[in-house]
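Here's the letter readout for the chains.
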Amino acid sequence: MNEFKPFEDKLAGLIARLSPAARRRMTAEIAKQLRASQQQRIRQQKAPDGTPYAARKRQPVKGKKGRVKREMFTKLRTNRYMKSKGTNEAAVVEFVGRVQRIAQVHQEGLRDKPNRYSEDVQYPERQLLGISEKDNKNIELVIFEFLMAH
């Protein structure tokens, strides 16, 4: 049994008493902070539990000419592709557009073609989105601040 169950029930009741507009503002603030923390964590190349991502596969020297990519997911973590929104019921951080498929392949460690002419490649699991202990603490702080203000 969860020892925090009575506390969580009381907190859920307090949140339910907030007006829909206040709940929407609260979830929007939570989503905004979550997106910022996810972007920072992706920049550090770490999973939510703090472990580093699996290293990128070495490319052959004779291969593709041009810029050498050093860091993974630089475009995925931008505000253009990673969106956050808050509704009355939930705070959402998600990838939008065509990058959703790329993010899902890496998040779950699926097979995919790097380009349309290549063979399928098994990608290692790299958790792009997830909630860490630090994120949980930040969410609690935002909720408490909103409850104190209203």
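Up top is the structure.
Residues numbered from 1 in each chain as written. Predicted model: local features only at pLDDT ≥ 70, side-chain atom pairs only at ≥ 80, totals over all residues. Heavy atoms only, no water.

Caption draft 1: Structural context of helix α2 (residues 20–43). Taking 1.5 Å of rise per residue, 24 residues should cover 34 Å, and α2 covers 34 Å from first to last C-alpha, within 8% of that figure. Just beyond α2, the residue with positive phi is Gln-45, at close to 60°. (Helix = DSSP H or I, 4+ residues; strand = E, 2+ residues; numbered from the N terminus. Expected span 1.5 Å × (residues − 1).)

Caption draft 2: Region of interest: helix α3 (residues 99–108). Three or more residues of α3 are buried, namely Val-99, Ala-103, Val-105 and His-106. For α3, the angular spread of the buried residues around the axis is 160°, confining them to a single face. Trailing α3 by a residue or two, Gly-109 shows a phi angle of about 70°, which is positive. (Buried < 20%, exposed > 50% of the residue type's maximum accessible area, 1.4 Å probe, protein only. Arc of directions from axis to C-beta.)

Caption draft 3: Region of interest: the pattern of salt bridges. Under the defined criterion, the tally for this structure stands at two salt bridges. A salt bridge links Glu-71 to Arg-77; its shortest N-O distance comes to 3.0 Å. According to the relative accessible area criterion, Glu-71 is partly exposed, its value standing at 33%. Given the relative accessible area of 13%, Arg-77 is considered buried. (Salt bridge = Lys/Arg side-chain N within 4 Å of Asp/Glu carboxyl O.)

Caption draft 4: Structural view of the packing of helix α1 (residues 5–17) against helix α4 (residues 133–149). Contact pair α1 / α4: the axes reach a minimum separation of 11 Å and the direction vectors enclose 50°. Accordingly, the angle class assigned to the pair α1 and α4 is oblique. Pair α1 / α4 crosses with left-handed handedness. Across from Phe-7, Leu-11, Leu-14 and Ile-15 in α1, the residues of α4 making contact are Ile-143, Phe-144 and Leu-147. Of the residues that constitute the contact of α1 with α4, the class distribution is seven nonpolar, no polar and no charged. (Axes fitted to C-alpha atoms, helices over the stretch in contact; angles between N-to-C directions. Parallel < 35°, antiparallel > 145°, perpendicular 65-115°, else oblique. Left-handed = near helix turned anticlockwise from the far one by under 90°. Contact = heavy atoms within 4.5 Å. Nonpolar A, V, L, I, M, F, W, Y, C, P; charged D, E, K, R; others polar.)

Caption draft 5: Examining the environment of Asp-49 more closely. Mapped onto the fold, Asp-49 is located in the loop between α2 and β1 (82–86). Look at Asp-49 and you get exposed, because its relative accessible area is 60%. Through-space distance from the C-alpha of Asp-49 to that of Ile-131 is 8.5 Å; in sequence the pair is 82 residues apart. Within the local environment of Asp-49, its side chain forms a polar contact with the side chain of Thr-51, the two groups lying 2.8 Å apart. (Polar contact = N/O pair within 3.5 Å; in protein donor to acceptor, adjacent residues only side chain to side chain.)

Caption draft 6: Molecular detail of the pairing of strand β2 (residues 91–95). The pairing of β1 with β2 spans five bridges and is antiparallel. Residue pairing in the sheet places Gly-86 in a bridge with Ala-91 of β2. Here β1 folds back onto β2 in antiparallel fashion, the turn holding four residues. (Pairing = 2+ DSSP bridges.)

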